[in-house]
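What follows is the residue order along each chain.
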Amino acid sequence: MTDLSTRNRVHIETFGCQMNVYDTELVRALLGKAGFTFTEDREQADVILMNTCAIREHAHDRVYGHLAELKAIKRARPLVVGVLGCMAQNLKKDLMDAEPVVDLLVGPDAYRRLPDLIVEAAAAQDAGLAQRSMAVDLSEYETYEDILPERTHGVNAWVAVMRGCDNFCTFCVVPYTRGRERSRDPHGVLDEVKALAAQGHRQVTLLGQNVNSYRHEQWDFARLLTAVADIPGVARVRFTSPHPKDFPPALLDAVATHPRVCKHIHLPLQSGNDRILDLMDRTYSRKDYLLLVDEIRRRNPAIALSTDIICGFCGESETEFQDTYRMIEEVGYHSAFIFKYSERKQTIAARKYPDDVPEPAKVDRVNRLIELQRSISLRRNREMLGCTTDVLVEGDAKKSAGQWMGKTDANVTVIWEKGDSPTQPGDVVPIAITRVSVTALFGHDVRSS
Ligand code: 5AD
Ligand code: SF4
């Protein structure tokens, strides 16, 4: 048996979405319980793990780049290299074959096996054996219910309430890498949030690949969100990512009226053209989506919207793209993540539709949408000029320790001089907005002299 006391320092790098950041916290908890320790310094590590993302080609490329760097380190000293997460699940044996530096592949439902697999890999290395292992079974049940993620203390905490996705949007690899939808017991979620509030976390973000399809016996997402927001000590509750198909009136009401549910909905559109939406199998039309936007704003016009867009999906013509352009103008999002379509192995689109929009056209469309969104974000931010808004203080501004950075309810970044009023991360403070940019609001604390 390999002695853990001499080969126990783990370094974890995380790529991709918030769910992956959360999963890294789970992995840290599982490894910590098994006696491993952690180091931020790759040079000190006995074990290097990469928690990976498979959503677009770019995410893959970054992981391959890092693996290339690890080859040199591994030549110099004993090292266990593991690839975790969606890319492990998506590429499986292909990744093992392509990257001899990798000792372990562990998919998102198999993290409980990780401590044993690391010990076995280290033992095999010590014995001079060329052993490599793969744990990529998907589960219909695994929610890591009993594992409390090892969080870094701060204002924000993320809580996964469901995992997996059953939607099978044709472009998306998530149903294949993260498996079927399953929701956690609401009582476990509520206990976890109570503990987070007691530890001083002020903002909780409920996470799920398709968070608003949460369902556990008599509990739907609206009920869960409200119950979380009712927990004393929680100042703000957010959720991500929802699908537009799962917004019953009770959920819209909860967002519109609960004082601690943030007035912000991330509402992934993907495309503004009905033929493309149909090819993507999004299950809503342009009109359905716009009706939902009206429903949201009728309940509370202060609710900010953000979105995800894919440009250059299979067969998308210039005219069809222009429908997306017009829709972005029409909705007037506060912000948008805009992506080039990237064909993913296993997906329905990869099997059924040719990825035929030329790369320069994809790039051009992305750039046009980014330009458009910048002008809309600026316009939205200008609406805040002269207003005083409640800001949750997150910490020092990136560029200067003399300034605070925080977020509005609508999730817009605010920066202001520290001044003389007593302020700590986690406080909600009133900031008068005097200047804006595309990405941030600037102002002063109205309590300061
Ligand atoms: N290509 C480009 N973007 C994608 N997304 C998901 N799959 C792909 C893909 N194959 C985007 C969608 C989704 C966000 C998380 O990533 O816009 O909402
Ligand atoms: Fe992917 Fe669609 Fe599921 Fe979102 S809802 S994770 S885009 S399949």
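Residues numbered from 1 in each chain as written. Chains lettered and ligands numbered in written order. Predicted model: local features only at pLDDT ≥ 70, side-chain atom pairs only at ≥ 80, totals over all residues. Heavy atoms only, no water.

Visitor: Which parts of the structure should I look at to understand a negative patch on the surface?
Guide: There is a patch of like negative charges on the surface, built from Asp-274, Asp-278, Asp-281 and Asp-288. Assignment of secondary structure puts Asp-278 in helix 9 (residues 274–280). Given the relative accessible area of 60%, Asp-278 is considered exposed. (Patch = residues over 30% accessible without salt bridge, like charges linked within 9 Å, V, L, I, M, F, W, Y side chains within 5 Å. Areas by Shrake-Rupley, 256 points an atom, 1.4 Å probe, with all protein chains shown as cover. Salt bridge = Lys/Arg side-chain N within 4 Å of Asp/Glu carboxyl O. Lys, Arg positive; Asp, Glu negative; His and termini not counted. Charge placed at Lys NZ, Arg CZ, Asp CG, Glu CD. Helix = DSSP H or I, 4+ residues; strand = E, 2+ residues; numbered from the N terminus. Buried < 20%, exposed > 50% of the residue type's maximum accessible area, 1.4 Å probe, protein only.)

Visitor: Looking at this structure, how should I read the packing of aromatic side chains?
Guide: The geometry of an aromatic ring pair is captured by two quantities: the separation of the ring centres and the angle between the planes. Taken as a whole and judged by the stated rule, the model has eight aromatic pairs. On the numbers, 5.4 Å between centres and 80° between planes, the contact of Phe-168 with Tyr-176 is edge-to-face. The exposure class of Tyr-176 is buried, given its relative accessible area of 17%. Look at Phe-313 and Tyr-353: their rings are 6.5 Å apart centre to centre, the planes differ by 75°, and that puts the pair in the edge-to-face class. With Phe-313 in the loop between strand 15 (304–311) and helix 11 (318–331) and Tyr-353 in the loop between helix 12 (348–352) and helix 13 (359–382), this residue pair connects regions lying 40 residues apart in the sequence. The residues Phe-313 and Tyr-353 share a single accessibility class, namely buried. What links up through ring pairs into an aromatic cluster is the set Phe-171, Phe-313, Tyr-341 and Tyr-353. (Phe/Tyr/Trp six-rings, centres within 6.5 Å; stacked < 30°, edge-to-face > 60°.)

Visitor: Could you clarify how one ought to interpret the packing of helix 7 (residues 221–229) against helix 8 (residues 249–257) in this entry?
Guide: How two helices pack is summed up by the angle between their axes together with the distance between the axes. Two elements in contact, helix 7 and helix 8, have axes whose closest approach is 8 Å; the angle formed by their N-to-C orientations is 20°. The orientation of helix 7 relative to helix 8 falls into the category roughly parallel. In this structure, the crossing between helix 7 and helix 8 has a hand that is left-handed. Across the interface between the two elements, Phe-221, Ala-222, Leu-225 and Thr-226 of helix 7 pack against Ala-250, Leu-251, Ala-254 and Val-255 of helix 8. (Axes fitted to C-alpha atoms, helices over the stretch in contact; angles between N-to-C directions. Parallel < 35°, antiparallel > 145°, perpendicular 65-115°, else oblique. Left-handed = near helix turned anticlockwise from the far one by under 90°. Contact = heavy atoms within 4.5 Å.)

Visitor: What's the story with empty space enclosed by the protein in this structure? I'm lost.
Guide: The rolling of a water-molecule-sized probe over the atoms marks out the regions of remaining empty space. Scanning the model with the defined rule gives two cavities of 30 Å³ or more in all. Counted as a void, the second largest cavity has a volume near 30 Å³. Every residue along the wall of the second largest cavity is listed here: Tyr-22, Leu-26, Thr-143, Tyr-144, Ala-160, Val-161, Met-162, Arg-163 and Arg-184. Within the residue set of the lining of the second largest cavity, elements represented by two or more residues are helix 1 (18–33) and strand 8 (162–163). A class-by-class count of the residues in the lining of the second largest cavity yields six nonpolar, one polar and two charged. (1 Å grid on protein atoms, 1.4 Å probe; cavity = no way out; pocket = protein on both sides within 12 Å on 5 of 7 lines; lining within 4 Å. Points joined across faces, edges and corners; volume = space filled by probe spheres on them. Nonpolar A, V, L, I, M, F, W, Y, C, P; charged D, E, K, R; others polar.)

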